[in-house]
Amino acid sequence: MTQTIATQRSSEQAADKNAIRPFHVNVPEAELADLRQRLAQTRLPDKETVTDYSQGVPLKTVQQVLSHWQRDYDWRKVEARINAVPNFITEIDGLDIHFIHARSKHENALPIIVTHGWPGSIVEQLKIIEPLTNPTAHGGTASDAFHVVIPSMPGYGFSGKPTTTGWGPERIARAWTTLMRRLGYKHFVAQGGDWGSVVTDLLGVQAPPELLGIHINMPGAIPEEINQAAFAGAPAPSGLSAEERSSYEQPFGWQRARKQ
């Protein structure tokens with residue numbers, strides 16, 4: 001009897017951890033006031049002595065950015081936008097994962113999980129929810145509809161912050177598969193940009209049976225010798241044409257300059 005009760009309790013605890021809990025954003029006003037106060041106490045650098053960006057971002061631009069965040073940015077408006085869509089939290093692999101789950105009214109809609117980048121957040125994806133879930137209101141057809149899942153990566157936004165190492169893109173990709181299965185989806189597609197592109201790429205590498213396809217905007221298409229030259233300090237590959245060398249210099253010149 002004791003063993004049966006212990007097993008039952010263990011099962012109940014596991015079920016609780018797997019539960020999908022509604023989530024509502026409500027940042028205390030005291031925290032916003034504290035942020036504005038800290039912004040007001042910002043110590044800015046002296047004005048640059050040049051008229052270009054060779055000494056960094058001009059002081060005037062920094063002042064404009066500071067003023068925007070201190071006086072003009074309306075967090076409550078953004079908070080309302082987030083709360084206008086269904087938000088949830090569930091525990092995966094010991095960590096709370098926050099996500100938006102907006103189902104389309106079209107029952108045959110295709111499930112999609114969209115991963116933000118760094119230093120981005122789910123706020124960037126809010127604008128795509130309505131066109132994807134309700135395409136008939138935007139010039140599309142019911143066959144264009146998606147059930148949209150937008151998670152916050154671990155350590156970002158409203159997801160939990162890992163207390164140990166190991167939450168790399170491979171582990172996040174596996175967590176996304178767990179999330180989609182937990183939501184009951186038998187098949188889905190995935191999209192990601194920037195850091196989310198890496199997570200989505202690894203979803204494709206892991207190839208869970210439910211995954212139908214991926215779309216990324218930062219494909220890892222750099223030949224290994226170029227990658228080594230750009231990021232490991234190796235010399236540029238020999239035999240490059242003028243056009244190839246120009247292409248080589250444009251995306252990676254900043255990286256080599258930083259190493260000097």
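Residues numbered from 1 in each chain as written. Predicted model: local features only at pLDDT ≥ 70, side-chain atom pairs only at ≥ 80, totals over all residues. Heavy atoms only, no water.

(A) Spotlight on the sheet that holds strand β7 (residues 211-216). In spatial order, the strands read β1-β2-β3-β5-β4-β6-β7; together these seven strands make up an open sheet with mixed pairing. Where the open sheet ends on each side, the last strands, each with one partner, are β1 (21-22) and β7. Bridging between strand β6 (residues 188-192) and β7 involves five bridges; their strand directions are parallel. Its bridge partner being in β7, A190 is matched across the sheet by I214. (Pairing = 2+ DSSP bridges. Helix = DSSP H or I, 4+ residues; strand = E, 2+ residues; numbered from the N terminus.)

(B) Fine view of the packing of aromatic side chains. According to the stated counting rule, one finds three aromatic pairs in the structure shown. For the pair F23 and F158, a centre-to-centre distance of 5.3 Å together with 45 degrees between the ring planes defines the contact as tilted. Highlighted residues: F23 in the loop between β1 and α2 (29-40) and F158 in the loop between β5 (146-151) and α6 (169-182), separated in sequence by 135 residues. When its relative accessible area of 25% is taken as the criterion, F158 is described as partly exposed. Taking 4.5 Å as the distance between ring centres and 45 degrees as the angle between the ring planes, the aromatic pair formed by W69 and Y73 counts as tilted. A relative accessible area of 44% places W69 in the partly exposed class. Take Y73: its relative accessible area is 33%, and that puts it in the partly exposed class. (Phe/Tyr/Trp six-rings, centres within 6.5 Å; stacked < 30°, edge-to-face > 60°. Buried < 20%, exposed > 50% of the residue type's maximum accessible area, 1.4 Å probe, protein only.)

(C) How the structure looks around the pattern of salt bridges. In this structure the tally under the stated criterion is nine salt bridges. Several salt bridges converge on common partners, so that one network encompasses E29, R36, R76 and E79. (Salt bridge = Lys/Arg side-chain N within 4 Å of Asp/Glu carboxyl O.)

(D) The arrangement of helix α7 (residues 195-206) in detail. For α7, with 12 residues, the first-to-last C-alpha span of 17 Å sits near the 16 Å given by 1.5 Å per residue. Taken residue by residue, α7 has G196, S197, V199, T200, L202 and L203 as its buried positions. Along its buried surface, α7 packs onto β4 (110-115), α6, β6 and β7. Directly after α7, the chain includes A207, whose backbone phi takes a positive value near 50 degrees. (Expected span 1.5 Å × (residues − 1). Contact = heavy atoms within 4.5 Å.)

(E) Fine view of the confidence of the model for the chain. Residues with a pLDDT of 70 or more make up 85% of the chain, whose mean pLDDT is 88. Between residues 1-12, whose pLDDT stays under 50, and residues either more than four places distant or in other chains, the model counts zero contacts. With pLDDT under 50 throughout, residues 256-260 is counted as low confidence; its partners more than four residues away or in other chains account for eight contacts. (pLDDT = per-residue confidence, 0-100.)

(F) Summary view of the side chain of R171. Turning to its location among the elements, R171 is positioned in helix α6. Polar contacts involving the side chain of R171 include one to the side chain of D93, which spans 2.8 Å. Apart from the residues within four sequence positions on either side, R171 is in contact with D93, T165 and G166. (Polar contact = N/O pair within 3.5 Å; in protein donor to acceptor, adjacent residues only side chain to side chain.)

(G) Region of the structure containing the pairing of β4. Most of β4 sits inside the fold, with five of its six residues counted as buried. Note that β4 and β5 share four bridges and pair parallel. The residue of β5 that forms the bridge with I112 is V148. Note on the crossover from β4 through helix α5 (residues 126-133) to β5: the handedness is right-handed. Inspection of the sheet shows β4 paired to β6 by four bridges, in the parallel sense. Bridging across to β6, I113 finds its partner in A190. (Right-handed = clockwise from strand over helix to strand, strands pointing away.)

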